Amino acid sequence: DTAVSQTPKYLVTQMGNDKSIKCEQNLGHDTMYWYKQDSKKFLKIMFSYNNKELIINETVPNRFSPKSPDKAHLNLHINSLELGDSAVYFCASSQGRGGRSGNEQFFGPGTRLTVL
Amino acid sequence: GDSVTQMEGPVTLSEEAFLTINCTYTATGYPSLFWYVQYPGEGLQLLLKATKADDKGSNKGFEATYRKETTSFHLEKGSVQVSDSAVYFCALGGNNDMRFGAGTRLTVKP
């Protein structure tokens, strides 16, 4: 069974459209994250939820809106897509917040978003 | 704030060569340190970790020692293989997040 899954794996869309990416984890973790990875492989945290509560909300355009219906799911909705939104988006999960005490994060396979 | 700095790549080695990827950190207190690996087209996966000073993490022939005196967590492998070609990320465990380095791309040639 896949631990952290994302759908879709590839997403090609036109500028101005609205799209969603879904993430599910079956590890029983209480914390989930969204990251954006650019073409140079730089990884940037976008959002984090702990027990459905938003705990990290980095400087991200408000066109991006996360939603966590339950602890196992964290979706990302993007309005009015722009060319600069093209990237790979990764979902991750962990047990407990952060990683200070050694909690590792488990990553999904990524969603490659291309905005034309 | 807490952060990690890792050596810039790309790094290209011949098979069976020795690998070192440098990572240094800045942090208050003693956070856990991690190395993640990302193979082409995949998500990141944990390679090894260390949770306190002088701990050595190891996995698949890779090693890294948490050195408080030099604030470092360098990744080493004695003999790399073509299958080790990937992007390697050093990371520091924060209170609410994980702080990742910029990544180092390793290419191993036969």
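For the structure, see preceding data.
A quick note: this is a predicted structure, and the numbers were derived from the prediction, not measured. (Residues numbered from 1 in each chain as written. Chains lettered and ligands numbered in written order. Predicted model: local features only at pLDDT ≥ 70, side-chain atom pairs only at ≥ 80, totals over all residues. Heavy atoms only, no water.)

> Where do I start with the state of the cysteines in this structure?
Note: disulfide means a covalent bond formed between the sulfur atoms of two cysteine side chains. For the structure on display, the rule yields 2 disulfides over all chains. The partner cysteine of Cys23(A) in its disulfide is Cys91(A), sulfur to sulfur 1.9 Å. Taking the torsion about the sulfur-sulfur bond, which here is approximately -75°, the covalent link between Cys23(A) and Cys91(A) counts as left-handed. A residue pair is termed long-range when its members are at least 10 positions apart, and Cys23(A) in strand S3 (residues 19–25) and Cys91(A) in strand S9 (residues 87–94) qualify at 68 residues. Using a relative accessible area of 1% as the deciding quantity, one classes Cys23(A) as buried. Residue Cys91(A) is classed as buried on the basis of its relative accessible area, which comes to 0%. Through a disulfide, Cys23(B) is tied to Cys90(B); the S-S separation comes to 1.9 Å. Between Cys23(B) and Cys90(B), the S-S torsion sits near -65°, and that sign places the bridge as left-handed. (Disulfide = S-S within 2.5 Å. Helix = DSSP H or I, 4+ residues; strand = E, 2+ residues; numbered from the N terminus. Buried < 20%, exposed > 50% of the residue type's maximum accessible area, 1.4 Å probe, protein only.)

> Explanation requested: the pattern of salt bridges in the structure shown.
Between side chains of opposite charge, a pair can form as their charged atoms come close. Counted under the stated rule, the structure contains 7 salt bridges over all chains. A salt bridge links Asp84(B) to Lys77(B); the nearest nitrogen and oxygen atoms lie 2.7 Å apart. Here Asp84(B) matches Lys77(B) in class, with each residue buried. A salt bridge links Arg99(B) to Asp97(B), with the nearest nitrogen and oxygen atoms 2.7 Å apart. Residue Asp97(B) is classed as buried on the basis of its relative accessible area, which comes to 7%. The structure contains a network of salt bridges with shared partners spanning Arg63(A), Glu82(A) and Asp85(A). (Salt bridge = Lys/Arg side-chain N within 4 Å of Asp/Glu carboxyl O.)

> Just to check I follow, could you spell out the interface of chain B and chain A for this structure?
Where interface size is given, it is often the accessible area lost as the parts come together that is meant. Counting residues at the interface gives 27 residues for chain B and 24 residues for chain A. Here chain B and chain A share an interface that buries about 1,900 Å² over both sides, 51% of which is from carbon and sulfur atoms. When the buried area of chain B at its contact with chain A is split by residue, Leu44(B), Asn96(B) and Phe100(B) rank highest and sum to 26% of it. Along the contact surface separating chain B from chain A lie 1 salt bridge. Measuring nitrogen to oxygen at the nearest pair gives 3.4 Å for the salt bridge that ties Arg100(A) to Asp2(B). Taken together, chain B and chain A are joined by 11 residue pairs in polar contact (both at pLDDT 80 or more). Among the secondary structure elements, those contributing two or more residues to the side of chain B that touches chain A are strand S5 (33–38), strand S6 (44–50), strand S10 (86–93) and strand S11 (98–100) of chain B. For the side of chain B that touches chain A, the residue count by class is 11 nonpolar, 11 polar and 5 charged. (Contact = heavy atoms within 4.5 Å. Buried area = accessible area lost by both parts, 1.4 Å probe. Polar contact = N/O pair within 3.5 Å; in protein donor to acceptor, adjacent residues only side chain to side chain. Nonpolar A, V, L, I, M, F, W, Y, C, P; charged D, E, K, R; others polar.)

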